[in-house]
Amino acid sequence: MTKPPSLQDVAHAAGLSPATVSRFLNGSLNLPPDTAERINTAIAALNYRPNPHARSLSRGRSDTIGLVVPDVANPFFAKLAAAVEQHAGQAGIGLMLCSTVNRQSRELDYIERLRRNHVDGLLFTTNHHDEHEALRQAIDANRNIIVMDEDVEGTTVPKVFGDNVLGGKLAARHFIQAGHRKLAYVGGSRNIMTSRERAHGFADEVAAHGGEIVVELFGHYTMDYGRAAMAMLFDNFPEVTGIFIGSDQVMYGMAELVRDRGKRFGSDISIITYDDVGPLSLLDPPVTAIHQPVDEIGRIGFEMLMKRIEGETENPLVRLPVNLIARSSVKKLR
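Please read all numbers here as calculations on a predicted model, not as lab measurements.

Regarding the packing of aromatic side chains
Turning to step 1, where the next piece is worked out: In the structure shown here, the tally under the stated rule is 6 aromatic pairs.
Turning to step 2, where the next piece is worked out: Measuring from centroid to centroid gives 5.1 Å for F76 and F77, while their planes differ by 90 degrees, and the two rings are edge-to-face. Pair check on accessibility: F76 and F77 agree, each one buried.
Turning to step 3, where the next piece is worked out: Pairing F202 with F244 gives two aromatic rings, centres 5.0 Å apart and planes at 45 degrees, and the pair type is tilted. With F202 in helix 9 (residues 193–208) and F244 in strand 8 (residues 242–245), this pair connects stretches of sequence that are 42 residues apart. In this structure, F202 and F244 share a single accessibility class: buried.
Turning to step 4, where the next piece is worked out: Grouping aromatic residues by their ring pairs yields a cluster made of F175, Y185, F202, F218, F244 and Y274.
Turning to step 5, where the next piece is worked out: The ring of F234 carries the charged tip of K263 above its face, separated from the ring centre by 5.9 Å.

Describing the layout of surface pockets
Turning to step 1, where the next piece is worked out: Empty space within the largest pocket amounts to approximately 300 Å³.
Turning to step 2, where the next piece is worked out: What lines the largest pocket is a set of 17 residues, and nearest its centre among them are N102, N127, H220, Y221 and T222.
Turning to step 3, where the next piece is worked out: Of the residues contributing to the lining of the largest pocket, the split by class is 5 nonpolar, 11 polar and 1 charged.
Turning to step 4, where the next piece is worked out: If you trace the second largest pocket, you find 13 residues lining it, with A255, E256, R259, F265 and D284 closest to the centre.

Describing helix 10 (residues 223–236)
Turning to step 1, where the next piece is worked out: Taking 1.5 Å per residue as the helical rise, helix 10 with its 14 residues ought to reach 20 Å, and the 20 Å between its terminal C-alpha atoms agrees with that figure.
Turning to step 2, where the next piece is worked out: Among all positions of helix 10, only Y225, G226, A229, M230, A231, L233 and F234 are buried.
Turning to step 3, where the next piece is worked out: Contacts from the buried residues of helix 10 go to strand 6 (182–187), strand 7 (212–218), strand 8 and helix 11 (248–260).

Focus: the packing of helix 8 (residues 164–177) against helix 9
Turning to step 1, where the next piece is worked out: For the pair helix 8 and helix 9, the least separation of the axes is 7 Å and the interaxial angle reads 40 degrees. With respect to the hand of their crossing, helix 8 and helix 9 are arranged in right-handed fashion. Residues N164, V165, G168, K169, A171, A172, R173 and F175 of helix 8 form the contact with helix 9, whose own contacting residues are M193, T194, E197, R198, G201, F202, D204, E205 and V206.
Turning to step 2, where the next piece is worked out: Looking at side-chain class alone, the contact of helix 8 with helix 9 contains 7 nonpolar, 4 polar and 6 charged residues.

Some thoughts on the sheet that holds strand 10 (residues 289–291)
Turning to step 1, where the next piece is worked out: The strand order 7-6-8-9-10-12 describes an open sheet built from 6 strands, whose pairing is mixed. Each end of this open sheet is capped by a strand with a single partner; those strands are strand 7 and strand 12 (323–325). Neighbour to neighbour, the strand axes of the sheet diverge by 20 degrees on average, direction disregarded.
Turning to step 2, where the next piece is worked out: Relative to strand 10, strand 9 (residues 270–275) is paired through 3 bridges, and the arrangement is parallel. Within strand 10, the position partnered with D275 by the bridge is H291.
Turning to step 3, where the next piece is worked out: With respect to the sheet, helix 8 is in contact with strand 6, strand 8, strand 9, strand 10 and strand 12, its orientation differing from that of strand 9 by roughly 160 degrees.
Turning to step 4, where the next piece is worked out: Lying over the sheet, helix 11 contacts strand 6, strand 8 and strand 9, oriented at roughly 145 degrees with respect to strand 9.

Cut-offs and rules
- Residues numbered from 1 in each chain as written.
- Predicted model: local features only at pLDDT ≥ 70, side-chain atom pairs only at ≥ 80, totals over all residues.
- Heavy atoms only, no water.
- Phe/Tyr/Trp six-rings, centres within 6.5 Å; stacked < 30°, edge-to-face > 60°.
- Buried < 20%, exposed > 50% of the residue type's maximum accessible area, 1.4 Å probe, protein only.
- Helix = DSSP H or I, 4+ residues; strand = E, 2+ residues; numbered from the N terminus.
- Lys NZ or Arg CZ within 6 Å of the ring centre and 35° of its normal.
- 1 Å grid on protein atoms, 1.4 Å probe; cavity = no way out; pocket = protein on both sides within 12 Å on 5 of 7 lines; lining within 4 Å.
- Points joined across faces, edges and corners; volume = space filled by probe spheres on them.
- Nonpolar A, V, L, I, M, F, W, Y, C, P; charged D, E, K, R; others polar.
- Expected span 1.5 Å × (residues − 1).
- Contact = heavy atoms within 4.5 Å.
- Axes fitted to C-alpha atoms, helices over the stretch in contact; angles between N-to-C directions.
- Left-handed = near helix turned anticlockwise from the far one by under 90°.
- Pairing = 2+ DSSP bridges.

Structure follows, in structure tokens:
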């Protein structure tokens, strides 16, 4: 097999040093037109293809970023990954997708890879409490990290989140306007920001309109937890007429239990879910949801990271507005 031509081959054919050709190709050296033409003629004659990886390394960059997600099978994180990939591709930046199965040891490993310059920066999402502040310490020790969707509390890096409190308030208003007064919240761990803020906004708005939060259930953003939570509500809190669910993933588990009990959302129990990233309009009934701007989270997070890589030192916190998409899973009681 013929060895592909190298930069040294181009330099030899053009009668120049490899350093001169390299600087010309990466745009850091202007040459007289006749000299530039010699290089271009040599490239064409040899059918030379520059190695982008080697050129990036020569600049101290990999032109690759990482996206750390807890679970790539979760529709929310799959959609976030698609948004980041779109913007990275448009910018000519490679993307390494890192799925941690929500394990802190894996998260710390990917942060360590950043330190070793395997990637230029990380877009970082998690779904659990920062045990012993290990994540906070690791993130703050590395410049080029953007925290998205879920906070790692105490970190001093740029962050972009949805407005969780607003989402809770919008869900409460929709239930109250439909006549519901006995309500429940089912979310992720009490130790993580998204779950606390969604519950807080919901509870405050329900109380402001004379309703009652009968029970708050905090667990995990998983289908398994959704099934367990729905069984608990049916068995122990029959007075509840409406449930605000902290994520679509939890809602899918609850839907399985509702089906197994021979009941239906909307007619037997009303629900509003959070995220709105799956085909909720195709369910029976279509499910009312707080819509997170996942594409915008991905775009803004990517732009923040590019600025960080180029030397930006600001640490902005961006909260993006959410909105309620009314469908058919909330029954009118009046």
